[in-house]
Structures are given as structure tokens and as C-alpha cells.
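Geometric and topological summary
Residues per chain, in single letters:
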Amino acid sequence: MEQSDPAGSPLSTIVEAFEDLAKLLKGSKKQEALRLDTFCHACSLVSVLFSCLGLAFKFAEFEYISKLHGLVEASKTYGTVQNMLDRDVANGTVKTPGSHTRNLRRVRQGLDLIRAIFENFCSTDDYSLKDVASTAYAKVCAPYHTWAVRTAVYAGMYTLPSRDQLLLRLNETGKSAEKKMKRYIDASIPVIQYIDKLYLSRKISLDW
Ligand code: 1PZ
């Protein structure tokens, strides 16, 4: 950890959890399975970001947390992500609304959305976060959301805090935030790819 890092900042906590997860996946021998509770722990830390966004994204927070809660419950029965997916495949419930495999797909899309937002954040100095967030959302999530949800999300973008306000709420400077965002980007990519591979190897497409 670097001296200039504000200790215990929410971004640091998230980044460290995803770096640990990425390391675990990289170090694990070929077929070693990912424990669902380990994965859920890292994902649960992300929810602090919602408190920086304001009321308009309360519904996104609720959506994310309820899907994650479903996965936490599933971890008690299935133990590993692999077992959970295999059960839905066997039951023919992969895409059934509310199924574990579907919830994992949504949480994974949330992680990818954050990655895309962070990438855009690091590549511009825009005072407003509207474009940063809108273009990320348009690419990563909008294709899979209903018209009503997309409309609500784009309307909510006008209420996002400014770049400076966000930094203040995260207890970061522009520099420290960008450093950590880049670390999240690097750590989340292998995690997302790992999950995608589990779907593809079970002949589950990624277009939903
Ligand atoms: C700093 C800039 C911040 C920008 C914030 C952008 C937030 C975009 C929020 C997108 C909310 C989508 C809410 C509703 C989604 C639902 O359609 C699906 C339904 O899934 P189904 O029940 O059909 O299986 N739900 C989800 O996809 C759950 C996860 C959505 C939330 C991910 C957000 C993560 C972003 C955090 C940003 C800090």
C-alpha cells in the first residue's frame, strides 16, 4: 500500500478485494472451483459506490443488492460457482427470471459496467459524469435492459454528482482515484473473463 493512499477509503477496499480475487483465480490449479461466498464478498464491497450517486440510482442499488443476496443464499447450498451453474443447467433454469445463473450474469454485468465507467473516467477530465457514465452504460448494459429501464437510467444520468463531488465523497484526489480505478480495471478483467468462460464452457451464450 502506498503512503499517499487515504487509509480505508472505499475505493481501496474494493480494489484490494478484486486484486485478491484475481490472484486467487490466477494461482488456482486448472480445475479448482471458485467459492461463491468469496466472490460475493468482493461484489458486496462495490455497493458503497451507490451511496455516492444520489437518490436517482437507489433502484440500481436495490437491483444489484437483491441479485447479490440471491447469490449469497445460493452459496450456502452450492458452495462453488461451478456447482451452482451446473444445477441450473441440469434444471433448465439458466435464464429463468430470478435464477442464480441469471443473477450472476447481472452482477457480472454490474462489475463490467463499473470497469467501463472507470475507464471513461480515467480518459477524460469532463466536469460532468453524465457522458462518462452514459457511454459506459450504453455499451455494457443497455443492450440487455428493457426500454423502461434504459429510459430511467439515462434520465438518472442528469442527476449524477460532478466529478469533484464524487471524488470528495470517495475521499480521493483525481490522481489517487485514477490509480485505484486502473487497478480495479486490471483486476476485474480476469474475474469477468473467468465467469464468462464458465458460461461458454456450458454452452451458455453471453448475449442476454
Ligand atoms: C460515477 C458514475 C456512476 C454511473 C452510474 C450508472 C448506473 C447504471 C445503473 C444501471 C441500473 C440498471 C437497473 C435495472 C436493471 C434490471 O433491468 C436488471 C434486471 O435483471 P433481471 O431481473 O431481468 O434478470 N437488473 C440488473 O441488471 C441488476 C444489476 C444492475 C446494477 C448494476 C449497477 C452497477 C453500477 C454501479 C455504479 C457505481
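Let me begin by describing the structure that accompanies this report.

Calculation notes
Here the residue index of a chain counts from 1 through its sequence in written order. Whole-chain, interface and lining totals are the exception, using all residues; otherwise, since this is a predicted model, local features are given only for residues with pLDDT of at least 70 and side-chain atom pairs are given and counted only at 80 or more. Only hydrogens and water are removed before side-chain values are computed, so all heavy atoms of the structure are retained for them. We count a stretch as a helix when DSSP gives it H or I for four or more residues in a row; a strand needs E for two or more, and each element gets its number in order from the N terminus. Radius of gyration means the value over C-alpha atoms here, while the globule rule gives 2.2 Å times the residue count to the 0.38 power. Residues are treated as being in contact if the distance between any of their heavy atoms lies within 4.5 Å. Per-residue accessibility takes into account occlusion by the displayed protein chains alone, with areas from the Shrake-Rupley method and a 1.4 Å probe. Any residue under 20% of the maximum accessible area for its type is buried, any over 50% is exposed, and the rest in between are partly exposed; the area is computed with a 1.4 Å probe on protein chains only. Polar contacts, as counted here, are pairs of nitrogen or oxygen atoms within 3.5 Å of one another; within protein the pair requires one atom able to donate a hydrogen and one able to accept it, and residues that are adjacent in sequence qualify only if both atoms are side-chain atoms. Expected span of a helix: the number of residues minus one, times 1.5 Å. Bend is computed residue by residue as the angle between axes fitted to the seven residues ending at the residue and the seven residues starting at it. Residues are labelled near a given molecule or strand when at least one of their non-hydrogen atoms is within 4 Å of it. Residues are grouped as follows: Ala, Val, Leu, Ile, Met, Phe, Trp, Tyr, Cys and Pro are nonpolar; Asp, Glu, Lys and Arg are charged; every other residue, Gly included, is polar. Each reported salt bridge corresponds to a side-chain nitrogen of Lys or Arg within 4 Å of a carboxyl oxygen of Asp or Glu.

A tally of regular secondary structure across the protein gives nine helices and zero strands. From first element to last, N terminus to C terminus, the protein shows the α and β order α-α-α-α-α-α-α-α-α. Taken over C-alpha atoms, the radius of gyration comes to 17 Å for the protein, in line with the 17 Å a tight globule of 208 residues would show. When its C-alpha atoms are laid out on the principal axes, the protein stretches across 50 × 45 × 25 Å. Within the protein, residue pairs in contact and separated by at least 24 positions form 73% of the contacts whose partners lie at least 6 positions apart. Accessible surface, the protein: about 11000 Å² in total, of which carbon and sulfur atoms supply 57%.

Another aspect to go through is the environment of G79. Within the secondary structure, G79 is located in the loop between α3 (58-78) and α4 (81-91). Relative accessible area serves as the criterion here: at 28%, G79 is assigned to the partly exposed category. Taking the C-alpha atoms as reference, G79 lies 7.4 Å from D37; in sequence the two are 42 residues apart. Beyond its immediate chain neighbours, meaning those up to four positions away, G79 contacts L34, R35, L36, D37 and A74.

Moving on, we get to unusual backbone geometry. Even without being glycine, N171 reaches a positive phi, approximately 60 degrees. Looking at the element boundaries, N171 is found in the loop between α8 (163-170) and α9 (174-200). Look at N171 and you get partly exposed, because its relative accessible area is 45%.

For the rest of this paragraph, the subject is the environment of Q165. Looking at the secondary structure, you find Q165 in helix α8. Looking at Q165, the relative accessible area reads 39%, which means it is partly exposed. As a C-alpha pair, Q165 and S128 span 37 residues in sequence and 9.9 Å in three-dimensional space. A polar contact is formed between the side chain of Q165 and the backbone nitrogen of S162, at a distance of 2.8 Å.

End to end, α9 covers 38 Å across 27 residues, agreeing with the expected 39 Å (1.5 Å per residue, within 8%). At S188, α9 is deflected by roughly 25 degrees, the largest bend along its length, and proline P190 occurs up to four residues later in sequence.

Attention now goes to the site of the ligand. Taken together, 20 residues lie near the ligand, and E63, K67, R102, R106 and A133 sit nearest. Residue E63 places a side-chain N or O atom 2.7 Å away from a nitrogen atom belonging to the ligand. For the ligand, whose free accessible area comes to 860 Å², the fraction covered by protein is 90%. At the level of secondary structure, the elements contributing two or more residues to the shell around the ligand comprise α3, α5 (100-122), α6 (130-140) and α7 (147-156). The biggest single contributor to the shell around the ligand is α5, with six residues. Along the lines of polarity and charge, the residues of the shell around the ligand split into 14 nonpolar, two polar and four charged.

What follows covers α5. Given a rise of 1.5 Å per residue, 23 residues ought to cover 33 Å, and the 33 Å separating the end C-alpha atoms of α5 matches this to within 8%. The buried fraction of α5 is high, at 18 of 23 residues.

In the structure shown here, the tally under the stated rule is 14 salt bridges. For K67, the salt bridge is made with E63, and the minimal N-O distance between the two is 2.9 Å. Of this pair, K67 and E63 both sit in helix α3, four residues apart, which is roughly one turn of that helix. On the accessibility criterion, E63 (39% relative accessible area) is partly exposed.

Coordinates in, geometry out; function isn't part of it.
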